[in-house]
Number of protein chains: 2
Amino acid sequence: MNILDIIIKKKNKKELTYEELFMAFNGYHKGEVKDYQMSSLLMAITINGMTLNETLSLTDIFIKSGNAYQFNKKVSDKHSTGGVGDSTTFIVAPIVASMNIPMAKMSGRSLGYTGGTIDKLESIPGYKTVLSEEEFYNQIDKIGLAVCSQSEMLVPLDKIIYALRDVSGTTESIPLIACSIMSKKIASGASYIVIDIKVGSGALIKTREEADLFASWVISIGNHYNKKVKTIITSMDEPLSSSIGNALEILEAIEVLKGKNNRLKEVSIEIASHIVSMAKGISVDDAKILSNNALKKGSAYKMFEKWITTQGGNLNAIKISNKVFSLKSNVTGMIKSISAINCAKLSLKLGAGKINKDDIIDHSVGIKLLHQVGDKINKDDILAEIYVKDFNLNLTEEDLKLFVIN
Amino acid sequence: MNILDIIIKKKNKKELTYEELFMAFNGYHKGEVKDYQMSSLLMAITINGMTLNETLSLTDIFIKSGNAYQFNKKVSDKHSTGGVGDSTTFIVAPIVASMNIPMAKMSGRSLGYTGGTIDKLESIPGYKTVLSEEEFYNQIDKIGLAVCSQSEMLVPLDKIIYALRDVSGTTESIPLIACSIMSKKIASGASYIVIDIKVGSGALIKTREEADLFASWVISIGNHYNKKVKTIITSMDEPLSSSIGNALEILEAIEVLKGKNNRLKEVSIEIASHIVSMAKGISVDDAKILSNNALKKGSAYKMFEKWITTQGGNLNAIKISNKVFSLKSNVTGMIKSISAINCAKLSLKLGAGKINKDDIIDHSVGIKLLHQVGDKINKDDILAEIYVKDFNLNLTEEDLKLFVIN
């Protein structure tokens with residue numbers, strides 16, 4: 001067996017053994033298997049799929065490529081497969097931590113339309129996104145909540161495979177997404193994991209059927225490592241919150257922590273309830289009451305402040321652009337839909353995301369949607385506020401097609 | 001549309017346009033598209049296939065990547081998709097050239113079990129495999145037959161794509177094989193082309209169905225360029241001739257040119273007849289009579305001598321190893337089969353082929369099969385002569401499993 005035999009075996013829709021997957025992926029990590037061989041294998045996997053056995057094997061190979069974290073207490077973690085306006089982490093983490101369920105989360109930066117969790121946190125001046133292993137462990141012991149950027153040794157194989165998938169057209173593979181996410185969740189030491197699966201035309205996972213399959217796989221992988229895993233499925237046709245952009249999303253999350261009701265709150269409560277249910281061994285309904293109480297009583301917000309302050313952040317110093325223009329409706333009617341993908345594209349154009357690795361994110365720009373689907377709109381009503389760096393941006397009508405009204 | 005959109009479109013089983021294929025393949029030629037992107041696209045093509053339209057487009061893009069040859073007269077060419085003991089070129093070319101049908105052939109070296117046509121010709125001391133464009137044209141004008149190695153400017157895009165397919169597990173693709181072969185045949189200027197499609201477990205094309213599909217495609221591609229194309233399908237379960245190895249195959253071809261009857265002769269006559277039929281506008285049956293006559297009368301052999309001599313070769317100087325051992329039967333019975341793939345593997349081990357580009361071919365070694373399928377064999381009968389460099393080769397019983405006798 002050499003790498004070509006392995007590639008051709010997968011091309012021919014045969015199941016690869018642990019040893020064959022190890023030879024290919026570990027070989028790639030060591031530089032023995034070339035980029036063009038791995039991308040060919042990744043495309044064969046993307047088209048022909050992987051069995052659950054193969055996916056378990058590959059997850060294990062991923063995990064063993066780096067260091068695994070271990071905590072004194074059982075900690076929780078959450079992951080979203082990627083959404084527009086998804087700032088649930090900033091709400092879920094304080095809710096559960098306020099109930100003495102630690103959340104130890106290592107997050108990524110996003111290369112795409114909008115910032116990742118770490119980019120969003122960097123819109124809080126002073127927030128330290130890089131923690132040493134010791135600092136990370138200590139903060140969990142001390143306050144039960146820490147969110148930092150992924151260490152270099154957290155599943156290094158995933159990093160290089162992810163980077164290659166990103167440039168070789170092989171991102172849309174359910175088993176590869178499952179390996180990538182679960183290897184990191186397991187290596188980072190969580191015992192209770194909630195995966196929020198985003199489904200929709202703009203998401204990596206397009207259909208409900210794919211989402212169900214993905215859900216069953218991440219649960220199987222988790223069980224294999226004695227982890228409790230719950231999944232929720234969230235539609236990504238519309239943005240999850242009415243704010244899109246880094247600082248804007250942090251501010252929106254703070255509003256929810258202070259009592260605002262919206263879809264962002266609902267999804268956050270759902271994720272938090274599953275974690276609380278698993279950690280405390282209670283029903284999800286009971287956990288939901290506790291989670292809602294944590295918001296109502298202000299204990300979640302208190303925990304949020306403690307967390308951000310402990311990690312050096314100054315909440316009073318968050319800045320959003322003072323250059324804002326209003327997107328007005330030129331018709332009268334009802335909002336039929338709000339396009340998540342178009343909001344994402346616009347926010348990218350504003351500077352809230354990045355296409356190339358060296359692009360610099362502008363944390364102060366973004367979109368604030370003032371209306372929801374179902375709202376009745378008169379001509380000239382303000383639909384959204386667009387926070388820009390300067391007014392010279394060449395925004396076309398196409399760029400501003402966020403709402404469908406009729 | 002960027003390269004990722006194109007890769008993903010093919011992954012999703014959509015037909016690519018000429019412009020998209022151009023952007024991908026020409027972009028790769030120019031170094032804009034990376035190895036790992038092209039191998040990913042090649043795997044998507046290998047698994048999901050290409051339509052005839054896509055195949056025509058890609059063939060055209062291949063052709064336009066280099067120079068096209070044009071001759072004063074209409075010339076013929078032949079191609080085999082790769083077989084063990086296939087030395088038909090040395091018989092077909094002189095037959096048709098002896099009837100004033102020029103054959104202008106640019107051949108390759110083989111990276112694999114046995115040598116390619118050019119490697120085999122190099123076993124004739126003095127034979128000049130590299131001809132300038134002018135020398136090539138002049139020799140065709142003068143004697144109507146020339147076989148040289150492919151110029152650097154003959155479909156250079158095919159060279160780099162072929163090299164990448166070879167190391168990325170993407171060789172087994174009917175449309176890519178059709179593009180590769182037909183682009184070179186068309187660019188090298190032939191008007192009458194016979195493609196000998198080898199089918200069998202050891203061949204690139206495994207089944208009769210694939211061979212039929214392949215045949216219809218190469219004919220369609222040829223017609224698109226106003227070329228007459230005929231295909232024949234030859235089983236590659238057994239070696240085509242009883243000699244495998246470079247000098248041995250040249251000597252075997254000479255025996256056929258001098259009158260020997262065997263399967264090599266039959267296949268050569270079939271190929272030659274199709275060329276003669278197309279070139280002279282006569283029936284294949286009539287062409288077969290003419291081709292057989294060219295052998296009988298010695299005019300084909302005379303043409304062969306003229307060709308080799310014109311290109312500098314000295315037929316009297318061909319050397320085969322004087323170290324020969326006999327492979328004897330240890331049973332009594334009938335020969336059920338002779339394994340082409342095992343003969344090929346053994347000849348590679350003897351030094352007749354090469355695995356790596358810098359390996360040096362030993363022209364003097366090889367295998368001479370003394371019996372055919374159906375022959376009755378007594379214990380201790382000599383089945384084959386093995387021509388070796390020295391007797392210290394560590395040949396195992398596995399290596400010598402050429403015959404199945406029972």
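Residues numbered from 1 in each chain as written. Chains lettered and ligands numbered in written order. Predicted model: local features only at pLDDT ≥ 70, side-chain atom pairs only at ≥ 80, totals over all residues. Heavy atoms only, no water.

Visitor: Tell me about the sheet that holds strand 12 (residues 403–405) of chain B, residues and numbers included.
Guide: Residues and elements named next belong to chain B. One open sheet accounts for 3 strands, arranged 10-8-12; its pairing is antiparallel. Of all strands in the sheet, those with a lone pairing partner are strand 10 (376–377) and strand 12, marking the two edges. One ladder, built from 2 bridges, connects strand 8 (residues 333–338) with strand 10; its direction is antiparallel. Bridged to methionine 334 within strand 10 is lysine 376. (Pairing = 2+ DSSP bridges. Helix = DSSP H or I, 4+ residues; strand = E, 2+ residues; numbered from the N terminus.)

Visitor: How would you explain the sheet that holds strand 6 (residues 243–244) of chain B if you had to name every residue and give the values?
Guide: Residues and elements named next belong to chain B. One open sheet holds the 4 strands; their spatial order is 6-9-11-7, and the pairing between them is antiparallel. The outermost strands of the open sheet, each flanked by one partner alone, are strand 6 and strand 7 (324–328). In the sheet, strand 9 (residues 366–369) pairs with strand 11 (residues 382–387) via 4 bridges, with the strands oriented antiparallel. Looking across to strand 11, one finds that lysine 368 is bridged to glutamate 385. In this fold helix 15 (residues 340–350) packs onto strand 6, strand 9 and strand 11, with an angle of close to 140° to the strand it touches most, strand 9. (Contact = heavy atoms within 4.5 Å. Axes fitted to C-alpha atoms, helices over the stretch in contact; angles between N-to-C directions.)

Visitor: Can you break down the packing of helix 2 (residues 18–29) of chain A against helix 3 (residues 35–48) of chain A residue by residue, with the values?
Guide: Residues and elements named next belong to chain A. Relative to each other, helix 2 and helix 3 sit at 140°, their axes nearing to 10 Å. By the angle class used here, helix 2 and helix 3 are oblique. Along this stretch, helix 2 crosses helix 3, giving a crossing that reads as left-handed. Seen from helix 2, the contacting residues are Ala24, Phe25 and Tyr28; seen from helix 3, they are Asp35, Met38, Leu41, Leu42 and Ile45. (Parallel < 35°, antiparallel > 145°, perpendicular 65-115°, else oblique. Left-handed = near helix turned anticlockwise from the far one by under 90°.)

Visitor: Please provide a residue-by-residue account of the pattern of salt bridges, values included.
Guide: All names here are of chain B. Throughout the structure, instances matching the rule amount to 37 salt bridges over all chains. Here aspartate 86 ties to lysine 198 by a salt bridge, and the two come within 2.7 Å at their closest N and O atoms. You can see aspartate 86 sitting in the loop between strand 1 (76–80) and helix 5 (89–98) and its partner lysine 198 sitting in strand 4 (residues 192–199), a full 112 residues away along the chain. Classification of aspartate 86 by relative accessible area gives buried; the value is 9%. On the basis of relative accessibility, which here comes to 0%, the residue lysine 198 falls in the buried class. The partner of lysine 260 in a salt bridge is glutamate 252, with the nearest N and O atoms 3.4 Å apart. (Salt bridge = Lys/Arg side-chain N within 4 Å of Asp/Glu carboxyl O. Buried < 20%, exposed > 50% of the residue type's maximum accessible area, 1.4 Å probe, protein only.)

Visitor: An account of the nonpolar core is requested, with residue identities and associated values reported.
Guide: Phe25, Met38 and Phe214 of chain A together with Phe25 and Phe214 of chain B are the most contacted members of the largest nonpolar core, which totals 120 residues. Contact partners of phenylalanine 214 of chain B, with chain neighbours within four places excluded, come to Thr81, Ile174, Ile177, Ala178, Ile181, Ile195, Ile197 and Ile205 of chain B. (Core = buried A, V, L, I, M, F, W, Y, C linked by side-chain atoms within 4.5 Å.)

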